[in-house]
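Residue-level structural notes
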Amino acid sequence: MLSRVSNSLYWMSRNIERAENTARLISVRLIGSIEHEENHWDELISIIGGNEAFEKKFDRYDAKSVMDFMSFSSSNPNSILHCIKLAREDARAIREIIPQELWEMINSFYWDVRQFKQENWSIDTIDHFYQMIIRQSALFQGMVEATLSFDEAYLFIKMAKFIERAEKTSRILNIYYYRSEDPDHNDPSLYRHWFAVLQSVSGHEAYLKRHRPFISGERVIEFLLFDDAFPRSIQYCIDQVYSVFQELENGKIEHYSEDLHQLIALMRNRFHEMTVVDALTEDLHQFLQRFQQDCFKLGRLINKTYYLGEVYV
Amino acid sequence: MFKTYKTESFFDEMLQQQGQPRSHYQVLYNRLASLPHDELQNRHEAAQQNFLRQGITFTVYHENQDSERTIPFDFIPNIIPKDEWQNLEKGLIQRVKALNLFLDDIYNSQQILKDGLIPRDLVVTCSHFYPQVTKIKVPRRNHIFMAGVDLIKDDQGEFRVLEDNLRNPSGLSYVFQNRYVMRQIFPDFFQDYDINSLENQFSHIHEALSSIAPNGVSNPNIVLLTPGVYNSAYFDHSFIAQQLGIELVEGRDLLVRDRTVYMKTTRGLRRVDVIYRRIDDDYLDPLEFLPDSMLGVAGLMDAYRAGNVTISNGVGNGVADDKAIYHYVPSMIRYYLGEEPLIKNVETYFLRDPEQRQYVLANLDKLVVKQTNASGGYNMLIGPQSTSEIREIFRKKIQQNPANFIAQPVIKLSRLPVFRGENFSGCHIDLRAFVFNGEHPHVFPGGLTRVALKEGSLIVNSSQGGGAKDTWVTQD
């Protein structure tokens, strides 16, 4: 397969996953703010790493500005609209590779997002938009499973999705952990806080099944880092990246793929060998930041191993 | 519905002067008459929406950045009866054969110039003549793998060639999409018609490409070279690559090593044998043509010269579809094939000739003036529809550089009804026919019918308000 094609598959998949994660993040916050006044909208901007760009455009972190920035703003390279636009451009560049129905789905998705931007949205109606993003992303994943051959193209899509997820879970946890460290928090608000964290990665139901309605910070962190079955826990995602890599390389380690193999194995082992106590003892922020650096390295090594970046030189 | 419809002084493909449908349109005419307006309107809109959702859009330049449009589609097909089509096929094969011989001659012995049939300076000063490719051994001497010939019908209903496109003719994908949408939304229109299906066309095209592989390589690696997603014909490139099952590549996906072309894959380099290129000559290779081209591949021409890769259509084909050379195509047919041309040209005046120039300048209000190196319907003067200011601008331009222009009488292009909501109105059409050359020539059944949607307009190009129709060739 052409390296440029793999590159497009990879980024199409990451951008759709990214848009979905952003939509869910905002939606949970939006619903939470109905009952309780929310003053922490800046957290969302920190999670996507957009504070600098945001502050250039807006004076304060109020709900409407944050939603506008994260959903439609052209000065935010991670806005939902921009992610879907990029995903569509990548899909268009490989539309002869992916099934026609998948392309049409992504193309329609893009037009729907654009149309929503043009309509005058309000805080009362915007949740329809986020729900639509989440549904369309699910549709995308379903169509990938149902219409694509399980070959190299499929594996690149899958790998990108799990890397994006793992990274996003780690960023969410990293930012939201700060708030739980604030000594002014009382018990009910902490409970709500951790519950919202779970919802932000669609993990509240899976968590309740495993731990019953007893929510503590440590358990939530353990669940999001180390659960071996929840599709957005970091360990699960890294296991998936590992097995996709094995499949791509037919279980062999060649000279060109050695570095990549080493890094993925290291990341995976770290999760299998450590426990939540280790992570908290070390300092959770440090633990997560190291993981994010590893993700960054991982992206670069994938580029190097499969020549993804080279074509842009 | 057709009560107010006027054929006027034009040849109407569907209706005769008295308003009666021609026999091959009778069935469709009856069906249209039986359908209520509202339903036609709804289906008409559904068709446009379908194109947008499928992403069959083209990019319009000089407008805001998000300018993506669909080509307006009209549901009344251009129906061509079998007999008429068979004659046309013969004429197209004849014409493309002669044009291919001309290219082979021009880039080798130039016999036709020695024999004085075409003025030498007309050829060698043509901006699309590339001395860089003389004497290159082209597999099967095949310069034209794919030709797009634009045909019109005059007021007598006779087909004429308006233009040959021998470089990168586009539009094939739209033929398929028009049919696809037509079948989805107007399936009932096909009832009681037996028409040529488009299903197996891509096997012919693939065979043609395989047959021109270098050194007779069997099972060659064929790629389609595109400028990328921002090109206005990108949908065409992507669709054709997909249907042919070949890789769609950009210049940055290829590299040349040891005079051999390779593509960059996730598993290293893979050799390329045939390049169906959809980028212009000037951009192919920065080492030989435009040095700052980002679209091409450095060293490509060297690999071509070494016979390690086929580039198709051939490099330098523009010399044969130039608007000035056009005038000589009938002579070429007589010269190379010893046959009379089966399809006529449109009469052409050369402005470099003082006598003809004088006539043209005196009759600017009656003629069409075209710049020889322009395309897409730009830089054209349509005399009867022009203002005196525009005529003066053209008069000056012609006097400055007469060799850059040709003139033709205004042809009364034939018309077909177009749906306008409340009624139908007659709009001018042309037909782009596609001819493929491999081991045997093959004419694609039908082609792309383009329609000038602006009332009275003669310009069918999609960039200037043109639309499209499905094209049917009947089988009975």
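1. Some remarks on unusual backbone geometry
Residue and element names in this part refer to chain B.
- In this model, Ser 312 is joined to Asn 313 through a cis peptide bond whose omega is -5 degrees.
- Examined against the element boundaries, Asn 313 turns out to sit in the loop between β12 (310–312) and α10 (329–337).
- Phi angles above zero are rare outside glycine, and Glu 8 is one such case at about 55 degrees.
- Among the structural elements, Glu 8 can be located in the segment before α1 (26–34).
- Of note in the backbone geometry, Arg 141 takes a positive phi value of approximately 50 degrees without being a glycine.
- Mapped onto the secondary structure, Arg 141 falls in the loop between α5 (120–124) and β4 (146–153).
- For Arg 141, a count of 14 C-beta atoms within 10 Å translates into the label partly exposed.

2. A closer look at the sheet that holds strand β8 (residues 254–257) of chain B
All names here are of chain B.
- One open sheet accounts for three strands, arranged β8-β9-β10; its pairing is antiparallel. Strand pairing shows two members of the sheet lacking a second neighbour, β8 and β10 (268–271), which therefore form its edges. In this sheet, neighbouring strand axes are inclined to one another by 45 degrees on average, regardless of whether the strands run parallel or antiparallel.
- Across four bridges, the pairing between β8 and strand β9 (residues 260–265) is antiparallel. Pairing of Leu 255 across the sheet is with Tyr 262, part of β9.

3. Remarks on the confidence of the model for chain B
- The predicted model of chain B has a mean per-residue pLDDT of 91, with 97% of residues at 70 or higher.
- Among the prediction metrics, the complex's ipTM stands at 0.79, with pTM recorded as 0.86.

4. Observations regarding the interface of chain B and chain A
- In this assembly, 18 residues from chain B lie in contact with 19 residues from chain A.
- Those elements that provide at least two residues to the side of chain B that touches chain A are α2 (37–53), α8 (234–244), β7 (247–249) and β9 of chain B.
- Looking at side-chain class alone, the side of chain B that touches chain A contains six nonpolar, six polar and six charged residues.

5. Overview of the nonpolar core
- In terms of nonpolar packing, the biggest core is built from 220 residues, with Ile 106, Val 220 and Val 241 of chain A together with Leu 99, Phe 102, Val 435 and Val 451 of chain B touching the most fellow members.
- Setting aside its immediate chain neighbours within four residues, Val 435 of chain B contacts Leu 92, Ile 93, Val 96, Ala 147, Val 149, Pro 441 and Val 443 of chain B.

6. Remarks on the domain arrangement of chain B
Residue and element names in this part refer to chain B.
- What the domain assignment lists for chain B is domain 1 (83–178 + 197–337) and domain 2 (347–409).
- On a C-alpha basis, the centroid separation for the pair domain 1 and domain 2 is 29 Å.
- Facing the six residues of domain 1 at the interface are six residues of domain 2.
- Looking at the side of domain 1 that touches domain 2 residue by residue, the class counts come to two nonpolar, two polar and two charged.

7. Focus on the sheet that holds β12 of chain B
Residue and element names in this part refer to chain B.
- Strand order across the open sheet formed by four strands is β7-β6-β11-β12, with parallel pairing between neighbours. Where the open sheet ends on each side, the last strands, each with one partner, are β7 and β12. Direction aside, the axes of adjacent strands within the sheet are offset by 25 degrees on average.
- In this structure, strand β11 (residues 274–277) lies alongside β12, joined through three bridges in parallel fashion. Directly across from Tyr 276, in β12, lies its bridge partner Ser 312.
- Those strands touched by α8 are β6 (222–225) and β7, and its axis lies near 150 degrees from that of β7.

8. Brief notes about the environment of Gly 314 of chain B
- Along the chain, Gly 314 of chain B turns up in the loop between β12 and α10.
- Dropping the residues within four chain positions of it, Gly 314 of chain B is found in contact with Leu 103, Val 138 and His 143 of chain B.

9. Considerations on the packing of helix α1 (residues 3–35) of chain A against helix α7 (residues 126–147) of chain A
All names here are of chain A.
- One can describe the packing of α1 onto α7 by two numbers: an axis separation of 9 Å at closest approach and a directional angle of 145 degrees. Crossing handedness for the pair α1 and α7: left-handed. Contact residues: α1 offers Ile 16, Glu 17, Ala 19, Glu 20, Ala 23, Arg 24, Ile 26, Ser 27 and Leu 30, while α7 offers Asp 127, Tyr 130, Gln 131, Ile 133, Ile 134, Ser 137 and Phe 140.
- When the residues that make up the contact of α1 with α7 are grouped by side-chain class, the tally is nine nonpolar, three polar and four charged.

10. A few points about the domain arrangement of chain A
All names here are of chain A.
- If you check the domain split of chain A, you get domain 1 (1–148) and domain 2 (149–313).
- Summarising the inter-unit geometry, the C-alpha centres of domain 1 and domain 2 are found 20 Å apart.
- Contacts between the two partners involve 23 residues from domain 1 and, on the opposite side, 25 residues from domain 2.
- The set of elements that each furnish at least two residues to the side of domain 1 that touches domain 2 consists of α1 and α2 (42–47).
- Looking at which element gives the most residues to the side of domain 1 that touches domain 2, the answer is α1, with 15 residues.
- When grouped by side-chain class, the residues that make up the side of domain 1 that touches domain 2 number nine nonpolar, eight polar and six charged.

11. Brief notes about the pairing of β10 of chain B
All names here are of chain B.
- As paired elements, β9 and β10 share four bridges and run antiparallel to each other. Residue Tyr 262 lies in a different strand from β10, and its bridge partner there is Arg 271.
- Joining the antiparallel neighbours β9 and β10 is a turn of two residues.

Thresholds, definitions, all that
Residues numbered from 1 in each chain as written. Chains lettered and ligands numbered in written order. Predicted model: local features only at pLDDT ≥ 70, side-chain atom pairs only at ≥ 80, totals over all residues. Helix = DSSP H or I, 4+ residues; strand = E, 2+ residues; numbered from the N terminus. Buried ≥ 20, exposed ≤ 12 C-beta atoms within 10 Å, placed from the backbone. Pairing = 2+ DSSP bridges. Axes fitted to C-alpha atoms, helices over the stretch in contact; angles between N-to-C directions. pLDDT = per-residue confidence, 0-100. Contact = placed C-beta atoms within 7 Å. Nonpolar A, V, L, I, M, F, W, Y, C, P; charged D, E, K, R; others polar. Core = buried A, V, L, I, M, F, W, Y, C linked by C-beta atoms within 7 Å. Domains from an automatic or database assignment. Left-handed = near helix turned anticlockwise from the far one by under 90°.

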